[in-house]
Amino acid sequence: MATLAIIGGTGFTRLPDLTVTRREMVKTPFGAPSCPLVFGELGGTPVAFLARHGSSHRIPPHRINYRANLWALQSVGIERVIAVGAVGGIATDCVTGAIVVPDQIIDYTHGRDRTYFDGGDDPVRHIDFTEPYDPSLRRALIDAAGEIADLTIVDGGCYGAMEGPRLETAAEIRRLAADGCTVVGMTGMPEAALARELDLAYASLAVVVNPAAGTDGRRVDIDAMPDAIERGMNSAREVIARALPAASAR
Ligand code: HPA
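Quick caveat, the model's predicted, so the values are computed rather than measured. (Residues numbered from 1 in each chain as written. Predicted model: local features only at pLDDT ≥ 70, side-chain atom pairs only at ≥ 80, totals over all residues. Heavy atoms only, no water.)

Chemist: Explain the overall build of the protein residue by residue, including any values.
Modeler: In terms of helices and strands, the protein carries five helices and 11 strands. Taking 18 Å as the expected radius of gyration for a compact globule of 250 residues, we find that the protein reaches 17 Å, a close match to that expectation. Principal-axis analysis of the C-alpha atoms gives the protein an extent of 45 × 45 × 30 Å. Relative to its 250 residues, the protein shows a buried fraction of 52%. Across the protein, contacts joining residues at least 24 apart in sequence account for 81% of those joining residues at least 6 apart. In the form shown here, the protein has an accessible surface area of approximately 11,400 Å², with 49% of it arising from carbon and sulfur atoms. Of the side-chain charges in the protein, 24 are positive and 31 negative, and the distance between the mean point of each set is 4 Å. (Helix = DSSP H or I, 4+ residues; strand = E, 2+ residues; numbered from the N terminus. Rg over C-alpha atoms; globule rule 2.2 N^0.38 Å. Buried < 20%, exposed > 50% of the residue type's maximum accessible area, 1.4 Å probe, protein only. Contact = heavy atoms within 4.5 Å. Areas by Shrake-Rupley, 256 points an atom, 1.4 Å probe, with all protein chains shown as cover. Lys, Arg positive; Asp, Glu negative; His and termini not counted. Charge placed at Lys NZ, Arg CZ, Asp CG, Glu CD.)

Chemist: An account of the layout of surface pockets is requested, with residue identities and associated values reported.
Modeler: Reported here for the largest pocket is a volume of approximately 430 Å³. If you list the elements that add at least two residues to the lining of the largest pocket, you get β5 (80-89), β10 (183-185), β11 (201-211) and α5 (225-248). Counting residues per element, the lining of the largest pocket draws most heavily on β5, at four residues. Residues belonging to the lining of the largest pocket are distributed by class as follows: 15 nonpolar, nine polar and three charged. Estimated volume of the second largest pocket: approximately 220 Å³. Taken together, the elements giving at least two residues each to the lining of the second largest pocket come down to β2 (19-24) and β4 (45-51). Sort the elements by how many residues they give to the lining of the second largest pocket and β4 lands first, with three residues. (1 Å grid on protein atoms, 1.4 Å probe; cavity = no way out; pocket = protein on both sides within 12 Å on 5 of 7 lines; lining within 4 Å. Points joined across faces, edges and corners; volume = space filled by probe spheres on them. Nonpolar A, V, L, I, M, F, W, Y, C, P; charged D, E, K, R; others polar.)

Chemist: Which residues make up the nonpolar core, and what values do they have?
Modeler: Core analysis: the biggest nonpolar cluster contains 76 residues, and F12, V84, L205, V239 and I240 have the highest contact counts within it. Per element, the largest residue contribution to this core is 10 residues, and it comes from α5. Formed by 10 residues, the second largest nonpolar core is a distinct cluster that contains I90, Y108, I173 and L176. (Core = buried A, V, L, I, M, F, W, Y, C linked by side-chain atoms within 4.5 Å.)

Chemist: Lay out the packing of aromatic side chains with the relevant residues and their values.
Modeler: Scanning all chains against the criterion turns up five aromatic pairs. Aromatic pair F12 and F49: ring centres 5.9 Å apart, planes at 25°, arrangement stacked. With a gap of 37 residues between them, F12 in the loop between β1 (4-8) and β2 and F49 in strand β4 connect regions that are remote in the sequence. With respect to class, F12 is no different from F49; both count as buried. Ring pairing ties together the aromatic residues F30, W71 and Y116, which thus form one cluster. (Phe/Tyr/Trp six-rings, centres within 6.5 Å; stacked < 30°, edge-to-face > 60°.)

Chemist: Give me the lowdown on the site of the ligand, citing residues and values where you can.
Modeler: Every residue near the ligand is listed here: A86, V87, G88, L167, E168, V184, G185, M186, V209, N210 and M225. Taking A86, its main chain carries an N or O atom lying 3.3 Å from a nitrogen atom of the ligand. N210 places a polar side-chain atom, nitrogen or oxygen, 2.6 Å from a nitrogen atom of the ligand. Burial of the ligand by the protein chains amounts to 94% of its free accessible area of 260 Å². Most atoms of the ligand, that is more than half of them, are within 2 Å of grid points of the largest pocket. (Near = heavy atom within 4 Å. Polar contact = N/O pair within 3.5 Å; in protein donor to acceptor, adjacent residues only side chain to side chain. Sits in = over half its atoms within 2 Å of the grid points.)

Fair warning: the whole summary comes from geometry, so function is off the table for now.
Here is the structure:
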């Protein structure tokens, strides 16, 4: 049975090498997840896969039902989650094509359903979130990425989670940089916090697909993004395939 799940973001709506055994649309108290969970094996390791934006990439970051997604995964026995997402690079080492495994996150999103402790019958739990990402999952990803020639891998960094769906102004990126953010994306939160509320081990593969607004003195080149997304997500798939044995071991 799969205990490890992969949540795929933009450009990562499928895992082509997954030998699919079944699909299941899970019902949750929070509504429907983005799409059916896909179960199968990748290189002999059982995994579950969920496309964060839906199978046909129609759900924008602020409309994703993060609570249903994480709840659905936990309800089928998932204990560990590798979350893949496209980001803009802010720090100079976070170049387009690099894969960043952040160790911190700052939440700038607003208006999203961000907790399971939302005033129902259960007592409120304040989770510890000092270290938002699971160290052993991060290690498995970094070690696997280190085996791949010509891949720029950044060990650590701070993910700035913005509301989107528009990209940022140059001033917003300057503010994020001053706050210590090294990459910027739109889906890192509340996903990471919800995973922690459910006691799921969670790590992020942040795939840099553009220089963040203003960092290279130009506008964001939207036309260059699809290509960068495709190449970056192929790298992410390779990292995951190599990381799986270690990542799924407890
Ligand atoms: N900003 C926010 N989210 C993103 C970006 C960006 O520049 N690139 C990819 N996702």
